[in-house]
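Overview (structure and organization)
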Amino acid sequence: VITNLCRLNEYRFGYALSNGTVGVYDGSIRAWRIKSKNRAVTTHGFDLNGDGVLELITGWSNGKIDARSDKTGEVIFKDNFDHSIAGIVQADYRLDSNAKGDQLICVSVEGEVKGFNPATGEAGTTLMNTNVEQETIRELSLRKQNLMLELKNYAENSKLALSGEAAVLAAALSGDLGRKNGAQGKGGFPGLKGLMPGGNSSGFDTSGGGGDGALRPGQTGLIAGQSSGGAPMGPGGQLALAGLLGSPGHSLIPGGQSQSGEFPNFKLGASSLGESGRTMGMIPANTQLETSILVNPGNQNVPPFVELKIATTNDTIIRAALIFAEGIFEGESHVIHPSAAVVSSSVSVPLIPPKDVPVDLHIKAMIGQKNSSHFHVFELTRELPRFSMFVLVDNEQPDPRSSVHFTLNERPQRAFMWLNQNFLLSQNLVCEGDLHVTFFSLRGSGLLRIRMSQAGQFAIHTDDMDLAGNVIQSLAEFLKIEDLQTIVDFPVETETLKQILIKVDELHRVRTKLTAEMADHSNLIRSMVVRAEDARIMGDMKSMRRGYMELSDLNRDLVAGYNIRCNNHQELVLGLKQINQIIQKASRVRVGKYKNQVVTLCRTAIKNNNTSSLFKIINTGVA
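Residues numbered from 1 in each chain as written. Predicted model: local features only at pLDDT ≥ 70, side-chain atom pairs only at ≥ 80, totals over all residues. Heavy atoms only, no water.

Focus: the packing of helix H8 (residues 593–607) against helix H9 (residues 611–620)
Where we set the bar: Only the stretch in contact is used when a helix axis is fitted, and all axes are lines through C-alpha atoms; the angle between N-to-C directions ranges over 0 to 180 degrees. Helix numbering and strand numbering both begin at the N terminus, where a helix is a DSSP run of H or I of at least 4 residues and a strand a DSSP run of E of at least 2. Note on angle classes: values under 35 degrees are labelled roughly parallel, values over 145 roughly antiparallel, values of 65 to 115 roughly perpendicular, and the remainder oblique. Contact criterion: two residues are considered in contact whenever any of their non-hydrogen atoms come within 4.5 Å of each other. Gly is put with the polar residues, along with every residue not named as nonpolar or charged; the nonpolar set is Ala, Val, Leu, Ile, Met, Phe, Trp, Tyr, Cys and Pro, and the charged set is Asp, Glu, Lys and Arg.
Running from N to C, H8 and H9 cross one another at 170°; their axes reach a closest spacing of 8 Å. In this view, H8 runs roughly antiparallel relative to H9, as classed from their interaxial angle. Of H9, the residues touching H8 (which contributes Val598, Leu601, Cys602, Ala605 and Ile606) are Ser613, Leu614, Ile617 and Ile618. Grouping the amino acids of the contact of H8 with H9 by side-chain chemistry returns eight nonpolar, one polar and no charged.

Focus on the sheet that holds strand E17 (residues 305–312)
Applicable threshold: Paired strands, as defined in this entry, are two strands with at least two bridges between them according to DSSP.
Reading across from one edge, E16-E17-E20 is the order of the three strands in this open sheet, with antiparallel pairing throughout. Edge strands, defined here as strands with exactly one partner in the open sheet, are strand E16 (289–296) and strand E20 (346–351). Taking the axes of each pair of neighbouring strands and ignoring which way they run, one obtains an average angle of 20° across the sheet. Here eight bridges tie E16 to E17, and the two strands are oriented antiparallel to one another. Each bridged residue has a counterpart across the sheet, and for Asn296 the counterpart in E17 is Phe305.

A word on the pairing of strand E11 (residues 113–116)
In terms of strand pairing, strand E10 (residues 103–108) meets E11 through four bridges, oriented antiparallel. Bridging from a neighbouring strand, Leu104 pairs with Phe116 of E11.

Structural notes on the side chain of Asp66
Note the cut-off: Under the rule applied, a polar contact is a pair of N or O atoms within 3.5 Å (in protein, one hydrogen donor and one hydrogen acceptor; residues adjacent in sequence only if both atoms are side-chain atoms).
By the secondary structure assignment, Asp66 is in strand E7 (residues 64–68). Within the local environment of Asp66, its side chain forms a polar contact with the side chain of Trp60, the two groups lying 2.9 Å apart. Those residues in contact with Asp66 that lie beyond four places of it in its chain are Leu56, Ile57, Thr58, Trp60, Phe77 and Lys78.

Notes on a nonpolar patch on the surface
Convention followed: Each patch is built from residues lacking any salt bridge and having more than 30% relative accessible area; the joining distance is 9 Å for like charges and 5 Å for nonpolar side chains (Val, Leu, Ile, Met, Phe, Trp, Tyr). Here the open area of atoms and residues is found with the Shrake-Rupley method and a 1.4 Å probe, where only the protein chains shown may cover a residue. By definition, a salt bridge exists where a carboxyl oxygen of Asp or Glu is found within 4 Å of a side-chain nitrogen of Lys or Arg.
On the surface, Ile2, Leu5 and Phe13 cluster together into a nonpolar patch covering about 300 Å² of accessible area. Summarising the element assignment, Phe13 is placed in strand E2 (residues 12–17).

Quick notes on the sheet that holds strand E22 (residues 376–384)
An order of E19-E18-E21-E22 is seen for the four strands of this open sheet, with the pairing classed as antiparallel. Either end of the sheet is taken by a strand with one partner, and the two such strands are strand E19 (333–336) and E22. Put simply, the sheet's adjacent strands are angled 20° from each other on average, direction ignored. Where strand E18 (residues 317–324) lies against strand E21 (residues 359–368), seven bridges are found, and the strand directions are antiparallel. Following the sheet pairing, Phe324 is matched in E21 by His362.

A word on the pattern of salt bridges
Think of it this way: side chains of opposite charge can pair up when their charged atoms draw near. Here is the rule we go by: Each residue's exposure class comes from its accessible area (1.4 Å probe, protein chains only) as a fraction of the maximum for that residue type: buried when under 20%, exposed when over 50%, partly exposed otherwise.
With the rule as written, the count across this model stands at 17 salt bridges. For the salt bridge of Glu477 with Arg386, the shortest nitrogen-to-oxygen distance reads 3.4 Å. One end of the pair, Glu477, is in helix H5 (residues 465–479); the other, Arg386, is in the loop between E22 and strand E23 (390–393), with 91 residues separating them in the sequence. Looking at Arg386, the relative accessible area reads 15%, which means it is buried.

Here we look at the packing of aromatic side chains
Convention followed: For Phe, Tyr and Trp, where Trp contributes only its six-membered ring, two rings pair if their centres lie within 6.5 Å, and the inter-plane angle classes them as stacked under 30 degrees, edge-to-face over 60, or tilted in between.
Tallying each qualifying case throughout the model produces 10 aromatic pairs. A centroid spacing of 5.7 Å and a plane angle of 10° characterise the contact between Phe13 and Tyr25, whose relative ring orientation is stacked. Placement of Phe13 in strand E2 and of Tyr25 in strand E3 (residues 21–26) is noted, with a sequence separation of 12 residues between them. Judged by centre distance (6.0 Å) and plane angle (75°), the rings of Phe387 and Phe390 are edge-to-face. Take Phe387: its relative accessible area is 0%, and that puts it in the buried class. We classify Phe390 as buried; its relative accessible area is 1%.

With respect to the confidence of the model for the protein
Threshold: Confidence per residue, as judged by the predictor, is encoded in pLDDT with a range of 0 to 100.
Residues at a pLDDT of 70 or more form 78% of the protein, whose mean pLDDT is 79. Segment residues 176–276: pLDDT under 50, and 159 contacts once partners within four positions in sequence are set aside and those in other chains are kept.

Considerations on helix H4 (residues 412–422)
In plain terms, the rule: Working definition: the arc comes from the directions between the helix axis and the C-beta atoms, pointing outward to the latter.
Three or more residues of H4 are buried, namely Pro412, Ala415, Phe416, Trp418, Leu419 and Asn422. Take H4 and look down its axis: the buried residues cluster within an arc of 160°, on one side only. For H4, the secondary structure elements touched by its buried residues are strand E25 (435–441), strand E26 (447–452), strand E27 (457–461) and H5.

Concerning the pairing of E25
Within E25, five of the seven residues are buried, leaving the element largely enclosed by the surrounding structure. Where E23 meets E25, four bridges bridge the pair, whose relative direction is antiparallel. Paired with Val393 across the two strands is Thr438, which belongs to E25. When E25 meets E26, the two strands line up antiparallel, connected through six bridges. Within E26, the position partnered with Phe440 by the bridge is Leu447.

A look at the environment of Thr43
With respect to the element layout, Thr43 can be found in strand E5 (residues 40–46). Exposure remark for Thr43: the relative accessible area of 8% places this residue in the buried category. With near-sequence residues (within four places) excluded, Thr43 lies in contact with Asn4, Leu5, Cys6, Ala16, Leu56, Ile57 and Thr58.

Brief notes about the packing of H5 against helix H7 (residues 541–588)
Let me state the cut-off plainly: Helix crossings are classified by the rotation of the near helix relative to the far one: an anticlockwise turn of less than a right angle makes the crossing left-handed, while a clockwise turn makes it right-handed.
Axis separation between H5 and H7 bottoms out at 8 Å; the angle between their running directions is 35°. In terms of crossing hand, the pair formed by H5 and H7 is left-handed. Here Met465, Asp466, Gly469, Asn470, Ile472 and Gln473 of H5 lie close against H7, whose contacting residues are Lys585, Ala586 and Arg588. Each residue belonging to the contact of H5 with H7 can be placed in one class, and the counts come to three nonpolar, three polar and three charged.

Rendered as structure tokens:
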């Protein structure tokens, strides 16, 4: 819901929405916008930095005041109140004759008032100089805190993963070595002490290097990546256990053979992710997030929608997903958080775009293992095409009654490129001569048929004039067409306009009649009041009572007539609004100067009550 509008210059205006969005439009194009968790209470245009251009001043519900550039949205000044902002005005608050202009005055709901003088506009001056150091320190501190937290998480993940694998190794070795050494009357293997959880493993190097060495019986330590005999361990921390275990070929986890090719080795960290690694959210390095967008025509119980599918490239699961999309979701965002019992590597989201406009889908997904407590956040952006709620059908159905015709100085190949970019297609269309495609609208607009010959003759067949305008505006934007004249034929819209004009003419006549009756009643009331007052002065109470009773009845008739006139006025305004909407539709099927020309000519024809000229202008674009 729009809560505030303010003028910035002849073409630009600022706006604020109830969901915390603030932005600026340059004509019909949005220049920028920002969104806050707080609500924008008021907006105002004021030249605070003295550059001759009005900035957008916004007062927020949390007490913040900020001034943003009308072109980029960059913050050039901000201040804070203790309570919510009540209003922003500009005036010569100090009554200073030497001041160059008004001051910006901000008031909070608790009565706190602050005034701000505009900057001098001299070179090198800026309103943000006093806060630059504090803002820089704050931003750097926040970055440091985030980096330290990320580093801490990496350290904990590595420690837990190493301790988990070490525990598996130690448990396996303690069982085998206990049996061997018990039979030989020897003690345990103290060299594994550093691999135990809680043990000191700082001297154990799993990075490897050099040749594989085998421990001989009686050697009881692993020091700096070497066996007790000084032989370095193999790549990846490989440890040959043949001599220690006493039997060739004995291996806890198959991992390849030593350099002599005689004994299998044990590889630390070379196996798949352990249970602790999965718990800490470790995922394969080649994990990617993929998206696909398809049109779902629905069924009797489910309305049509666009299906957004998000999936990973392996067996990792999507624990949650957050999607930002302007104008599609209430609050502009949607969260998917399936229960732990049904999580999988893919999720589907139904999208129902209310209008034919392109929408950027900003997706954030939490990816991890099924039993993970830590997850990786993947972010990507996907554009939803403008005409995503249309499905391609065969060309055998009859043409719609209405159409738009024009000529383009382009090849059909360019039109095919536009179709592939602006419609959701299972596979791209390939140019094989003339263009001839048919789509069906899932919003109820019926068929949309598009034709183009090699000579550049273009035709759009649809019964929805709004849809035809959207198609032409999108095509002109893609092909960089500045001016385009068209010939249109919309019999349904033409008949609707005729009926509206007849109704508006009747309403005008009724309005004129009601106005005349009200004027007559007003004159009669004045004369009746004079007669009643004369009777009161003369003491003729009977005549006075009769006069005031007649006056009361006349007043009742006036009130009833006023209600009729109000209803008549509302219907008249509604009819004029519908006429204006049809004129706007007729202008949108043209581009550039022809678009503005249709609006001007139609308003002139209505002013002159020339209905035949109005219909001609709508159909041909000229009077």
